[in-house]
Amino acid sequence: MQDKFHEECAVMGVYGHPEAANMVYLGLYALQHRGQESSGIVSSDGKGLISHRQMGLVADVFKEDVIKRLEGPHAIGHNRYSTTGQSHLKNAQPFVVEYSQGPIAISHNGNLVNGTLLRDELEQAGSIFQSTSDTEVIIHLIATSRETTLMGRIIEALARARGAYSLLFLTLDRMIAARDPFGFRPLVLGKFKDAKNHGAHVVASETCALDLIEADYVRDVEPGEIITFGADGMESLKPFPPAPHAKCIFEYIYFARPDSNLFGHNVYQVRKALGRQLARESGVEADLVTPVPDSGVPAAIGYAEESRIPLEFGLIRNHYVGRTFIEPSQSIRHFGVKIKLNAQKEVLNGKRVIVVDDSIVRGTTSRKIIRMLRDAGAKEVHMRISSPATISPCYYGIDTPTRSELIASSNSVEEIRRFIDADTLAYLSREGMYTYFDGQKQGFCDACFSGNYPVHFEDEGHTRQLHLFDALERS
Ligand code: AMP
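Here is what the cut-offs are and how they apply
Residues numbered from 1 in each chain as written. Predicted model: local features only at pLDDT ≥ 70, side-chain atom pairs only at ≥ 80, totals over all residues. Heavy atoms only, no water. Salt bridge = Lys/Arg side-chain N within 4 Å of Asp/Glu carboxyl O. Helix = DSSP H or I, 4+ residues; strand = E, 2+ residues; numbered from the N terminus. Buried < 20%, exposed > 50% of the residue type's maximum accessible area, 1.4 Å probe, protein only. Contact = heavy atoms within 4.5 Å. Core = buried A, V, L, I, M, F, W, Y, C linked by side-chain atoms within 4.5 Å. Pairing = 2+ DSSP bridges. Domains from an automatic or database assignment. Buried area = accessible area lost by both parts, 1.4 Å probe.

For the rest of this paragraph, the subject is the pattern of salt bridges. Counting across every chain of the model gives 25 salt bridges. In this structure, Glu285 and Arg352 form a salt bridge, with 3.3 Å as the shortest nitrogen-oxygen distance. Of the two residues, Glu285 is situated in the loop between helix H9 (267-281) and strand E17 (288-291) and Arg352 in strand E20 (residues 352-357); the sequence distance between them amounts to 67 residues. Among the residues examined, Glu285 registers a relative accessible area of 62% and is labelled exposed.

Shown next as structure tokens:
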């Protein structure tokens, strides 16, 4: 059940390129941070769809012989992330199905808030599901639609889907990109620069994927937009009533890669500005500022610049930690965090330390990090968080635990400070989070920090779904 609303993912597609699968493979490599559980690519050679999906990291999933097999000028791919629930190959994307008009593949980033309702309805009408993923709901809606054209079927299916979706579809001769009318998750459009492949298009979750394959960023796929790539070029449609935009603010804070340009802004610059604002709001006397690497680094740079306190790397990260490791037989304190991070005595001993991280979720990481800093001799530890307190779960595709597991949902800042054992603790204010955007909150979703869920509550499906989630949390 859980992983129905725990779907952080990357999507990537290339249309009209002689090495389409290879380009998608490279793009997925650049987007590995958005999902590490499974990876897949489906290509079209005009006669059929060729698919490869496997559990594991991009580098492990695709070997030369696999890429060679994924022939054809069009391809879409997917990286999937899931921390809990069923992590099975059957949930790995892209999904491929045959329907009355031929084969179709789909890659999805996001989460539907009415996925369970739609699934129940489809199952009652005879659809048989192979996965526990919401994405399959979209495919079944397309397959069972009575519309005659593919575009008609897609529009009808998406009109029923509520919540977050950045999608790619692939048929034998077409690639279709779609983003929900709220625009929760990012999706960008690019074009290959070199003359040889001029006209070949790429669609990806983030711009860092375009940089690697030397494609130019053209523009964002707009909220509510459906773009079809076909033999006659590119065609854009906006078939749905416009909705208030709800771009995910947490993409800026933690999720996206810092070198991506997201929703029109460079993530690194935004993170630095969050750190600067944090220093303005909650400055404290100290000898050094140290980031929790990697996600806290840009904010710590901003904090150090603004406060004029030197930046030092008091914590060093091992970048080669996989998802599984062998637990030591005898107990080693704070093992889980230690394998990832090491505190440097030479930097920290006797120092008053400001430690900057992007967020506190359950509070266990911060608690362990602060213990490590103290063990390494830090005299004082001041924790600074470059986002507001995370108080509400995300139903739109970011992996946050249930409300009861979010430490800030039921504890005050002072209670959290005591739990993590910091000398002081401060979060960024909600207003401060928008300083970089000239105080403009409109256009963003900050439900995880505010509890304001932008998908309309008067929508019956959504309300029922939220009740279901609350019931699950209580159970
Ligand atoms: P916690 O121990 O649960 O408080 O974890 C906090 C750490 O998790 C912070 O260092 C964040 O950078 C990181 N984090 C925040 N959100 C996520 C997420 N959705 N997935 C994985 N890590 C996250």
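That covers the picture; the talk isn't over yet.
Attention now moves to the environment of Ile155. Positionally, Ile155 belongs in helix H6 (residues 150-160). Remark: the alpha-carbon pair of Ile155 and Ser131, spanning 24 residues in sequence, is separated by 23 Å. What Ile155 contacts, discounting residues up to four positions off in sequence, is Ile226, Leu237, Pro239 and Phe240.

What follows is about the nonpolar core. Grouped together as the largest cluster of nonpolar side chains are 44 residues, with contacts concentrated most on Phe184, Ile249, Tyr252, Val289, Tyr396 and Met433. Those elements that provide at least two residues to this core are strand E14 (246-248), helix H8 (249-255), H9, helix H10 (297-307), E20, strand E23 (443-445) and helix H17 (447-450). In this structure Val289 touches Ala300, Tyr303, Ala304, Ser307, Ile309, Pro310, Leu311, Glu312, Ile354 and Val356, once residues within four positions along its chain are discounted. One finds Ala75, Ala200, Val202 and Leu210 within the second-largest nonpolar core, a separate group that totals 30 residues.

Attention now goes to the pairing of strand E10 (residues 201-204). The side-chain alternation of E10 yields two buried faces, one formed by His201 and Val203 and the other by Val202 and Ala204. In the sheet, strand E1 (residues 8-15) pairs with E10 via 4 bridges, with the strands oriented antiparallel. Paired with Tyr15 across the two strands is His201, which belongs to E10. Pairing analysis gives 4 bridges linking strand E9 (residues 188-192) to E10, with the strands arranged antiparallel. Within E10, the residue paired with Gly190 across the bridge is Val202.

With that settled, the discussion passes to the domain arrangement of the protein. Domain annotation of the protein identifies domain 1 (10-244) and domain 2 (267-319 + 332-443). Here the C-alpha centre of domain 2 lies 35 Å away from the C-alpha centre of domain 1. Taken together, the contacts link 8 residues of domain 1 with 5 residues of domain 2. Looking at the side of domain 1 facing domain 2, the largest losses of area belong to Asn111, Phe184 and Arg185, adding up to 53% of the total buried there.

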